[in-house]
Amino acid sequence: MAGAVQFLMSNKLETAMWLSRLFTVYCSLVFILPVLGPYAAANFYQRALLANALTSALRLHQRLPRFQLSRAFLAQALQEDSCHYLLYSLILVNSYPITMSIFPVFLFSLLHATTYTKKVLDSMGPNSLMLIRNILDKLTSNQQNILKFIACNEIFLMPATVFMLFSGQGSLLLPFIYYRFLTLRYTSRRNPYCRTLFTELRILLEHFIMKPACPAFFRRMCLSSIAFISRLAPTGV
């Protein structure tokens, strides 16, 4: 235990991000499984997003420690995944709480917390808490599937924001601001899953609508939708 405490104290910034990620996971679970009632769940929704915003800000500071008030620094910051999810949290923190919007925050925090928890366990000894280690290894082995699921949530949250607007549960600016976030995720250098999933969904839909059994009007509607979305995609990726 002394080794773990020494490890945590010698990596204060990493430890702060680890604790904030664990708090994000806790708040997300309370929201997803509303055992405390719907009113409390809405509060935990905001807490999860605010905790994620704190984690993202700390991570961004770690990646870009020297802040500069310049266009070049802003462009560099917008290339960082931590900046994307800082914006994501700020965009959705005051919106109507929906489960789809909390899953990316919850799962990213869970994956990153898993990595650091392994380091904490290693500092306690190579064979410490094997049950927890086995659970963490299971999560790590499914990392690719989890990242694809996160990308799926990022994509389908775009039409969800439009639906929220027409149902009176979202602001007029929300779809436009979220579209900007989605373009940042599409052009992400470190996480290609959003871009990959867009391509896979397009191929899957085109394969389906080209079958002879597909009605012509539905085929035309899908092709028009694909062309429209393709025009909205960032270029030069």
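Thresholds, definitions, all that
- Residues numbered from 1 in each chain as written.
- Predicted model: local features only at pLDDT ≥ 70, side-chain atom pairs only at ≥ 80, totals over all residues.
- Heavy atoms only, no water.
- Helix = DSSP H or I, 4+ residues; strand = E, 2+ residues; numbered from the N terminus.
- Buried < 20%, exposed > 50% of the residue type's maximum accessible area, 1.4 Å probe, protein only.
- Contact = heavy atoms within 4.5 Å.
- Areas by Shrake-Rupley, 256 points an atom, 1.4 Å probe, with all protein chains shown as cover.
- Lys, Arg positive; Asp, Glu negative; His and termini not counted.
- Charge placed at Lys NZ, Arg CZ, Asp CG, Glu CD.
- Expected span 1.5 Å × (residues − 1).
- Salt bridge = Lys/Arg side-chain N within 4 Å of Asp/Glu carboxyl O.
- Core = buried A, V, L, I, M, F, W, Y, C linked by side-chain atoms within 4.5 Å.
- Phe/Tyr/Trp six-rings, centres within 6.5 Å; stacked < 30°, edge-to-face > 60°.
- Axes fitted to C-alpha atoms, helices over the stretch in contact; angles between N-to-C directions.
- Parallel < 35°, antiparallel > 145°, perpendicular 65-115°, else oblique.
- Left-handed = near helix turned anticlockwise from the far one by under 90°.
- Nonpolar A, V, L, I, M, F, W, Y, C, P; charged D, E, K, R; others polar.

A.B. asks: Pulling in residues and values, what's your account of the overall build of the chain?
C.D. replies: Along the chain, the regular secondary structure elements total 11 helices and zero strands. In sequence order, the chain lays out its α and β elements as α-α-α-α-α-α-α-α-α-α-α. Principal axes of the C-alpha set define a box for the chain whose edges measure 70 × 45 × 40 Å. Looking at the chain as a whole, 39% of its 237 residues qualify as buried. If you take every contact in the chain between residues at least 6 apart in sequence, the share linking residues at least 24 apart comes to 67%. Counting only carbon and sulfur atoms, one obtains 67% of the accessible surface of the chain, whose full area is about 14,000 Å². Of the charged side chains in the chain, 22 are positive and 8 negative, and the gap between their average positions amounts to 5 Å.

A.B. asks: Can you explain helix H5 (residues 81-92)? Please cite residues and give values.
C.D. replies: The first and last C-alpha atoms of H5 sit 17 Å apart over 12 residues, in line with the 16 Å expected at 1.5 Å per residue. Counted residue by residue, H5 has 10 buried out of 12 residues, so it is predominantly covered. Taken together, the buried positions of H5 are Asp81, Ser82, Cys83, His84, Tyr85, Leu86, Tyr88, Ser89, Ile91 and Leu92.

A.B. asks: An account of the environment of Leu64 is requested, with residue identities and associated values reported.
C.D. replies: In this fold, Leu64 is placed in the loop between helix H3 (38-63) and helix H4 (71-77). Judged by relative accessible area, which is 10%, Leu64 ranks as buried. Between the alpha carbons of Leu64 and Ala77 there is a distance of 7.5 Å; along the sequence they are 13 residues apart.

A.B. asks: So, the pattern of salt bridges: which residues are in play, and what are the values?
C.D. replies: Going through the model one piece at a time under the given rule, you end up with six salt bridges. Between Lys118 and Asp137 there is a salt bridge, and its shortest N-O distance comes to 3.4 Å. Of this pair, Lys118 sits in helix H6 (residues 99-124) while Asp137 sits in helix H7 (residues 130-141); the two residues are 19 residues apart in sequence, bridging distant segments of the chain. Taking relative accessible area as the criterion, Asp137 reaches 41% and is therefore assigned partly exposed. Arg185 serves as the salt-bridge partner of Glu154, at 3.1 Å between the closest nitrogen and oxygen. Here Glu154, found in helix H8 (residues 143-166), pairs with Arg185, found in helix H9 (residues 174-186); they are 31 residues apart in sequence, far enough to count as distant. Taking the relative accessible area as the measure of exposure, Glu154 reaches 2% and is therefore buried. Looking at Arg185, the relative accessible area reads 1%, which means it is buried. Sharing partners across several salt bridges, the network here consists of Asp81, Glu154 and Arg185.

A.B. asks: I'd love a proper account of the nonpolar core, names of residues and values included.
C.D. replies: With 37 residues, the main nonpolar core has Leu49, Tyr85, Tyr88, Leu92, Ile150 and Leu157 as its most contacted residues. Within the second largest apolar cluster, seven residues are counted, among which are Leu60, Leu64, Cys83 and Leu86.

A.B. asks: Now, about the packing of aromatic side chains: what can you tell me, with residues and values included?
C.D. replies: Working definition: an aromatic ring pair is given by the centre-to-centre distance plus the angle between the planes. The tally for this structure, following the rule as stated, stands at 13 aromatic pairs. Aromatic pair Tyr26 and Phe44: ring centres 5.9 Å apart, planes at 85 degrees, arrangement edge-to-face. Of this pair, Tyr26 sits in helix H2 (residues 12-32) while Phe44 sits in helix H3, and the two are 18 residues apart along the sequence. Ring plane angle 45 degrees and centroid distance 4.9 Å describe the contact between Tyr85 and Tyr88, whose orientation is recorded as tilted. Here Tyr85 and its partner Tyr88 are both found in helix H5, three residues apart, which amounts to about one turn of the helix.

A.B. asks: Help me get a handle on H2, residues and values and all.
C.D. replies: When the terminal C-alpha atoms of H2 are compared, their 30 Å separation across 21 residues agrees well with the 30 Å that a helix rising 1.5 Å per residue should span. Every buried residue of H2 is listed here: Thr15, Met17, Trp18, Ser20, Arg21, Thr24, Val25, Cys27, Ser28, Val30 and Phe31.

A.B. asks: A description of the packing of H5 against H9 should follow, citing residues and the corresponding values.
C.D. replies: Their axes nearest at 10 Å, the elements H5 and H9 cross at an angle of 165 degrees. With respect to their mutual orientation, H5 and H9 come out roughly antiparallel. Considering how the two elements wind past one another, H5 and H9 form a crossing that is left-handed. Contact with H5, carried on its side by Asp81, His84, Tyr85, Leu87, Tyr88, Ile91 and Leu92, involves Leu174, Ile177, Tyr178, Phe181, Leu184 and Arg185 of H9 and no other residues of that element. By residue class, the composition of the contact of H5 with H9 is 10 nonpolar, one polar and two charged.

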